[in-house]
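# Chain and residue survey
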Amino acid sequence: ALQEIGSNKEPDVNIFTNMSTFSSMADRGVSISISNCYHPQRMQNLENENVGIVYATATIGNESLVIGSCYCSPDPKSTDGLTKVLQNIQNAWKFCQKTGINGLIVLGDLNARSQQWGDKTQNPRGKLLAEFVQKNSCSVSAPPGNTFVSLNSKGVAGGSVIDLSGLWECSSSSGGFMDR
């Protein structure tokens, strides 16, 4: 899954061999590449042209899952963009449960900071995402270190953990959006 792939053109899909690549150019662009051995299919019916998100299915044995890649532009004064992304993820989850798809994995650069996934601080987006995760029975994973690194005004390196993945298991006994 790639985020911020550019705003003017589709990515060069020829760099991945034996893979299918699907892209959306909304909000700086996102793409997802899945090995052809998993019979990937784009799920445009789950996408929204105003939200930087792309979905595809992958089949492993007799089970299918939906994989998404999303990006949410940083806006320190508003959580509107993240709210739209989370609503879209919620709709994808409902689709998975309704159609018997076994799971949903969403990978993304959400620009949401929270101590829950290893950041030093929490911003309003992080608070919103943490509440969403808790309410909707999601497992969140982040790399062990900063996913965004920068220098502060004094030239000291710092960073944040803003690139995350979320997993929802779809089964008749699992919680999630349909029970909320």
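Residues numbered from 1 in each chain as written. Predicted model: local features only at pLDDT ≥ 70, side-chain atom pairs only at ≥ 80, totals over all residues. Heavy atoms only, no water.

### Things to note about the environment of asparagine 36
Definition in use: Secondary structure elements follow DSSP: runs of H or I no shorter than four residues count as helices, runs of E no shorter than two count as strands, and numbering proceeds from the N terminus. Note on classification: 1.4 Å probe, protein chains only; a residue is buried when its accessible area is under 20% of the maximum for its type, exposed when over 50%, partly exposed between these limits. Whether two residues touch is decided by their heavy atoms; if any such pair falls within 4.5 Å, the residues are in contact.
Along the chain, asparagine 36 falls in the loop between strand S3 (30-35) and strand S4 (41-42). The partly exposed category is assigned to asparagine 36, whose relative accessible area is 34%. Each C-alpha atom, one on asparagine 36 and one on serine 20, is 6.1 Å from the other, the two residues being 16 residues apart in sequence. Setting aside residues up to four positions removed in sequence, asparagine 36 forms contacts with Asn18, Met19 and Ser20.

### A look at unusual backbone geometry
Of note, histidine 39 is a non-glycine position whose phi angle comes to about 50°, a positive value. Residue placement: histidine 39 occurs in the loop between S3 and S4. Given the relative accessible area of 53%, histidine 39 is considered exposed. Even without glycine at this site, asparagine 111 takes up a positive phi of about 50°. The residue asparagine 111 is located in the loop between strand S7 (103-109) and helix H2 (124-135) in this model.

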